[in-house]
Amino acid sequence: MGPAKSVVMALTQDVQPLGLDAWASACAQAMAEGERLLTLFGRIDEDDSVVTTAVTLGNDNGESRLNVLRGRGRRGDAFASLTTAYPAAQMFERELWEQTGLQPTGHPWLKPVRFEGARQQHMADYPFFSVRGQEVHEVGVGPIHASVIEPGHFRFMCHGEQVHHLEIQLGYQHRGVEALLLQRPPMRLGSMVESIVGDSSNAYAWGYCAAVEALAGMQVSFASDIVRGVALELERVAMHLGTLTGMATDIAFLQGGATYGRLRTAIINATMRLCGSRFGRGWLRPGGVRFGLTPALRQDLLSTLTAFSKDIALVNDLMRNARSVQSRLQGVGTVSLKAAQDLGLVGLAARACGVRFDTRASLPGRLYTAHPVSVLHEDSGDCWARLTLRMREIDESVRWVREVLQAPETDLALASILSVGKLWPDTLCVSVREGFRGPVVQALETASDGSLLHYKVQDPSLVNWFGEALAVRNNEISDFPICNKSFDLSYCGNDL
């Protein structure tokens, strides 16, 4: 039996759509049997009907597998909401309602996600949850912020300094990403895909490349797979370091803020020497990679990582043992294991709560099967857990990169781009790549002539924002910046 694949392919005629009620029941049955809902979305056909798709991650005899369920209805049709029994579906159903008009009957929180189309004119009418009571007051922050960040509005319901409830309203950026991805030939989407969420360029680019290659029925060389893995793990290290820099700065731990920032520069500069871009832009393309790793480049990266490992061990030890850091982060911004499971949190935000879920392990493909990663987790679910887990994931990524660079069986200098043929017609392909925030999901569906009919993009931030809102409850409002940075979610990952 081969490794569990991170890409699933299905001929659309082999996945006949069910009626909406039957589709919703099938989704509920899958989750009742323990399958994890990875994504749920819809598209509108030419005849104004709506095709829905749900992708779940199940397990067969110890091997993970992606399953696809499809349904069909008309605009305005209703189906029984999954959210009442499975809160992890809440954001997906809201997006489905907003984009297609399907009505999830019984949904307890049916509000716009991005204010698409005509709804853009009604953002001021957003129905915020309200807390009533003597001395309860509201504090609104954003959407325009004093720092250089993207727009988002945070509405705090407080009693004194304590936060009873936080509601996060996003949707201020109307980029129309998914529509733009259908306006170019599928082989020329690389530069656009890696710009969807700029700090996850390699996660998005690899997922896109893997999907296009699967649709074309081709497989890249194992050397290209390794180089792609190196690109992704270097991105993970760099972005975790950026978060640690922000967390140290927010609590005035200046040694950490200065040192993590310097170390991040060392990693992104190493990436630039490998491919010409500090963020890996233009490195990964359908058919392989544009730049292999010569012996000189491999040695350069190994030397960088050797020096890096010594320095980060010192600053991590310094930060973890500082009483001021411990008192500021431990017990702050806690999300329980049950809440993380119920909400379907993903990536580091989930693993910090004790959820042992990493698609590099559950859907490893041939690369992570040959060179596995350890699934790391923490149990306390607080800011301290998210800090500690980032440190540990950096160490694991560095260990993994050093392992594959020193593996003797593959000449990484031979990694290049192979020719990619035409895409198969009438086929749905779903790819998953574990970015530094969590699984990046991309679904590509082709029409009868092989052109792209639909391109669905999902960032892990979409589901994790609700976890951040939950984490702030019963904390002081002054704890919010620390909670916010410890999650380090993407605004543009939500505002597609």
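Novice: Give a detailed account of the pairing of strand 10 (residues 162–169), specifying residues and quantitative values.
Specialist: Among the eight residues that make up strand 10, six are buried, leaving the element largely enclosed by the rest of the structure. Looking at chain direction, strand 9 (residues 153–159) and strand 10 are connected through seven bridges and run antiparallel. From the neighbouring strand, His159 faces strand 10, where its bridge partner is Gln162. Taking the residues between adjacent antiparallel strands as the criterion, strand 9 and strand 10 are bridged by two residues, where Gly160 takes a positive phi near 65°.

Novice: An account of the environment of Leu496 is needed here, citing residue identities and associated values.
Specialist: Relative to the helices and strands, Leu496 resides in the segment after helix 17 (491–494). Leu496 sits 325 residues away from Gly171 along the chain, and the two C-alpha atoms are 8.3 Å apart. Those residues in contact with Leu496 that sit more than four places away from it in its chain are Arg114, Arg175, Gly176, Val177, Glu178, Ile196 and Val457.

Novice: Go over the side chain of Arg114 with me, naming the residues and quoting the values.
Specialist: By the secondary structure assignment, Arg114 is in the loop between strand 7 (103–105) and strand 8 (136–141). In this view, Arg114 contacts Glu95, Glu98, Gln99, Gly171, His174, Leu462, Asn494, Asp495 and Leu496; residues no more than four positions away in its chain are not counted.

Novice: Can you lay out the packing of aromatic side chains for me, pointing to particular residues and giving the numbers?
Specialist: Under the criterion given, the structure shown has 10 aromatic pairs. When the centroid spacing of 5.9 Å and the interplanar angle of 55° are considered together, the rings of Phe115 and Tyr126 count as tilted. Residue Phe115 is located in the loop between strand 7 and strand 8, and its partner Tyr126 is located in the loop between strand 7 and strand 8; the two are separated by 11 residues in the primary sequence. No difference in accessibility class separates Phe115 from Tyr126, as the two residues are buried. When the ring of Tyr368 is compared with that of Trp400, the centres are 5.3 Å apart and the planes differ by 40°; the resulting orientation is tilted. Of this pair, Tyr368 sits in helix 13 (residues 365–370) while Trp400 sits in helix 14 (residues 383–406), placing them 32 residues apart in sequence. Overall, the relative accessible area of 6% leaves Tyr368 in the buried class.

Novice: I'd love a proper account of the pattern of salt bridges, names of residues and values included.
Specialist: Summed over the entire model, instances satisfying the criterion amount to 30 salt bridges. Measuring nitrogen to oxygen at the nearest pair gives 2.1 Å for the salt bridge that ties Arg43 to Asp45. Neither Arg43 nor Asp45 differs from the other in exposure class; each is buried. Glu233 is the salt-bridge partner of Arg360, the closest N and O atoms lying 3.1 Å from each other. One end of the pair, Arg360, is in helix 12 (residues 359–362); the other, Glu233, is in helix 6 (residues 222–250), and 127 residues separate them in sequence. As far as the burial class goes, Arg360 and Glu233 line up, both buried. Overlapping salt bridges bring together Glu233, Arg236, Arg351, Asp358, Arg360, Glu393 and Glu434 as one network.

Novice: Please set out the sheet that holds strand 9 residue by residue, giving values where relevant.
Specialist: Strands sit in the order 8-9-10 across an open sheet of three strands; the sheet is antiparallel. Only two strands of the sheet have a single partner each, and these edge strands are strand 8 and strand 10. Strand-to-strand, the axes of this sheet are offset by a mean angle of 20°, without reference to chain direction. Helix 15 (residues 461–472) contacts strand 9 and strand 10 of the sheet and is inclined by roughly 165° relative to strand 10.

Conventions used here
Residues numbered from 1 in each chain as written. Predicted model: local features only at pLDDT ≥ 70, side-chain atom pairs only at ≥ 80, totals over all residues. Heavy atoms only, no water. Buried < 20%, exposed > 50% of the residue type's maximum accessible area, 1.4 Å probe, protein only. Helix = DSSP H or I, 4+ residues; strand = E, 2+ residues; numbered from the N terminus. Pairing = 2+ DSSP bridges. Contact = heavy atoms within 4.5 Å. Phe/Tyr/Trp six-rings, centres within 6.5 Å; stacked < 30°, edge-to-face > 60°. Salt bridge = Lys/Arg side-chain N within 4 Å of Asp/Glu carboxyl O. Axes fitted to C-alpha atoms, helices over the stretch in contact; angles between N-to-C directions.

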